[in-house]
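# Examining the three-dimensional arrangement
Residues per chain are reported as follows:
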Amino acid sequence: MQQILALTRCAVITRHWFEIDLDDASMEHGARIELRELVPQPHRGSESAAQVVTADRPLWRADLFDRLSDRPGSYGVAHFHPGFSGSEPSSRAWDPALTASPWEWLHDQVASAGSASGHGAWPLAPEDADELSGLADTVVAMARQYAPEGCGSAAECFRLTRDVRESVQLMMDYLRRPDLLDEDWTAPWRQAA
């Protein structure tokens, strides 16, 4: 399940995410928040026809994650990606304020249109930046629904991420130490193959 808040030229997508570290098979999950560009599409059909909406080019991402082995709600692996090269995220960026108070940190990022991170403002049209800044409470409320402490089982985590099971299966295929993988927790994604 995903929630999308679309403005004129950008959209915020919130969802639950599950990830496996390729080096040590540790598992992370929690709220993923992505800022995407809404790519203009050619008009189709009559003046009343439904139009294509494409939230394609990623601009920024925050992952408010816990490790499954940590106390729920500790946000020990919460991080963000200040930019993208095509569809690939930049390296993880860490901020002690993000771990200490993830929802306040997210609010500050949205309210400042990205400039609070010290990595520069998001590349948004001025009208969208102004409108998005006023929607910081809404974005935080959307994202909080996918907080890691709200997901306490493999079945629940799978239910929330079943649409990206191919990504999880790729993570399992690319593990450098597959012998470390928690077979019980990952069973729903393996069985869905």
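It should be emphasised that the depicted structure is a prediction, and the values quoted were computed from it without experimental measurement.

Conventions used here
Chains are numbered independently. Their residues run from 1 in the order of the written sequence. With the structure being a predicted model, the display of local features is reserved for residues of pLDDT at least 70 and the display and counting of side-chain atom pairs for 80 or more, all residues being used for whole-chain, interface and lining totals. Excluding hydrogens and water, the side-chain figures rest on all heavy atoms present in the structure. Here, the term nonpolar core denotes a set of buried Ala, Val, Leu, Ile, Met, Phe, Trp, Tyr and Cys residues that are joined through side-chain atoms within 4.5 Å. Residue burial is assigned from relative accessible area. The probe radius is 1.4 Å, only protein chains are included, and a residue is buried under 20% of its type maximum, exposed over 50%, and partly exposed in between. Runs of E in the DSSP output that reach at least two residues are strands. Runs of H or I that reach at least four are helices, and both are numbered from the N terminus. Contacts are residue-level and defined by heavy atoms, with any inter-residue pair within 4.5 Å sufficient. Criterion used throughout: strands pair if DSSP finds at least two bridges between them. A fitted line through C-alpha atoms represents every axis, and for helices the fit uses only the stretch in contact; the resulting angles, taken between N-to-C directions, go from 0 to 180 degrees. Points on a 1 Å grid, built from protein atoms alone, make a cavity when a 1.4 Å probe fits but cannot get out and make a pocket when they are open with protein on both sides within 12 Å along at least 5 of 7 lines; residues with an atom within 4 Å of a point are the lining residues. Grid points are joined across faces, edges and corners, and a volume is the space filled by probe spheres set on the points. Each residue receives one of three labels: charged for Asp, Glu, Lys and Arg, nonpolar for Ala, Val, Leu, Ile, Met, Phe, Trp, Tyr, Cys and Pro, and polar for the others, Gly being one of them. Note on aromatic pairs: the rings of Phe, Tyr and Trp (six-membered ring only in Trp) are paired at centre separations within 6.5 Å, and the planes decide the class, stacked below 30 degrees, edge-to-face beyond 60, tilted for the rest. Confidence of the predictor at the level of single residues is captured by pLDDT, which takes values from 0 to 100. The term salt bridge refers to a pairing of a side-chain nitrogen on Lys or Arg with a carboxyl oxygen on Asp or Glu at a separation within 4 Å.

Right, let's get into the nonpolar core. Ile33, Leu35, Trp60, Leu64, Trp103, Leu106 and Leu132 are the most contacted members of the largest nonpolar core, which has 32 residues in total. Counting residues per element, the ones that place at least two in this core are strand 2 (10–20), strand 3 (27–39), strand 4 (54–67), helix 2 (102–111), helix 3 (126–133) and helix 4 (136–144). For this core, the element with the most residues is helix 4, which contributes five residues. Residues contacting Leu64, with those up to four places away along its chain left out, are His29, Gly30, Ala31, Ile33, Tyr75, Ala78, Leu98, Pro102, Trp103, Leu106 and Pro148. The next biggest cluster of nonpolar side chains, apart from the first, holds 19 residues, and it includes Trp17, Ala25, Val164 and Leu175.

Before going further, it helps to spend a moment on the sheet that holds strand 2. Here we have five strands laid out as an open sheet, ordered 1-2-3-4-5, and antiparallel in their pairing. Every interior strand has two partners, whereas the edge strands, strand 1 (2–6) and strand 5 (79–81), have only one. Shown here is a sheet whose adjacent strand axes are inclined to one another by a mean of 20°, direction ignored. The pairing of strand 1 with strand 2 spans five bridges and is antiparallel. Along strand 2, the bridge assignment pairs Ala6 with Ala11. In this fold helix 5 (residues 154–161) packs onto strand 2 and strand 3, with an angle of close to 145° to the strand it touches most, strand 2.

Looking now at empty space enclosed by the protein. On inspection of all chains with the given rule, the structure shows one cavity of 30 Å³ or more. Considered as a void within the structure, the largest cavity measures approximately 30 Å³ in volume. Residue lining of the largest cavity: Val12, Ile33, Glu34, Leu35, Trp60, Val110, Trp122 and Leu132, and that is the complete set. Per element, the largest residue contribution to the lining of the largest cavity is three residues, and it comes from strand 3. A per-class count over the lining of the largest cavity returns seven nonpolar, no polar and one charged.

Another aspect to go through is the packing of aromatic side chains. Geometry of an aromatic ring pair is reported as the spacing of the ring centres plus the angle between the planes. For the coordinates displayed, the defined rule picks out six aromatic pairs. When the ring of Phe80 is compared with that of Trp105, the centres are 5.1 Å apart and the planes differ by 50°; the resulting orientation is tilted. Of this pair, Phe80 sits in strand 5 while Trp105 is found in helix 2, placing the two residues 25 residues apart along the sequence. Since its relative accessible area comes to 2%, Phe80 is described here as buried.

Attention now goes to the confidence of the model for the chain. Caution applies to low-pLDDT regions: their predicted coordinates should not be interpreted in detail. When pLDDT is averaged along the chain, the result is 94, and 99% of the positions lie at 70 or above. Averaged over each element, pLDDT in the chain is lowest for helix 7 (residues 183–191) (92) and highest for helix 4 (98).

Let's shift gears to unusual backbone geometry. Keep in mind that most residues, glycine aside, have a negative phi and that most peptide bonds are trans. Even without glycine at this site, Ala25 takes up a positive phi of about 60°. In this fold, Ala25 is placed in the loop between strand 2 and strand 3. The class for Ala25 is buried, based on a relative accessible area of 5%. A positive phi angle is found at Ala113, which is not glycine, with a value near 50°. Counting through the fold element by element, Ala113 comes out in the loop between helix 2 and helix 3.

Moving on to the pattern of salt bridges. All told, the structure shown has twelve salt bridges when counted by the stated rule. For Asp23, the salt bridge goes to Arg176, with nearest N and O atoms at 2.9 Å. One end of the pair, Asp23, is in the loop between strand 2 and strand 3; the other, Arg176, is in the loop between helix 6 (165–173) and helix 7, and 153 residues separate them in sequence. A relative accessible area of 54% means that Arg176 is categorised as exposed. Of the charged contacts, one joins Arg57 and Glu37 as a salt bridge, the two residues approaching to 2.8 Å between their closest N and O atoms. With a gap of 20 residues between them, Arg57 in strand 4 and Glu37 in strand 3 connect regions that are remote in the sequence. Since its relative accessible area comes to 40%, Arg57 is described here as partly exposed. Judged by its relative accessible area of 26%, Glu37 falls in the partly exposed class. Where salt bridges share partners, they join Glu19, Glu28, Arg32, Asp63 and Arg92 into one cluster.

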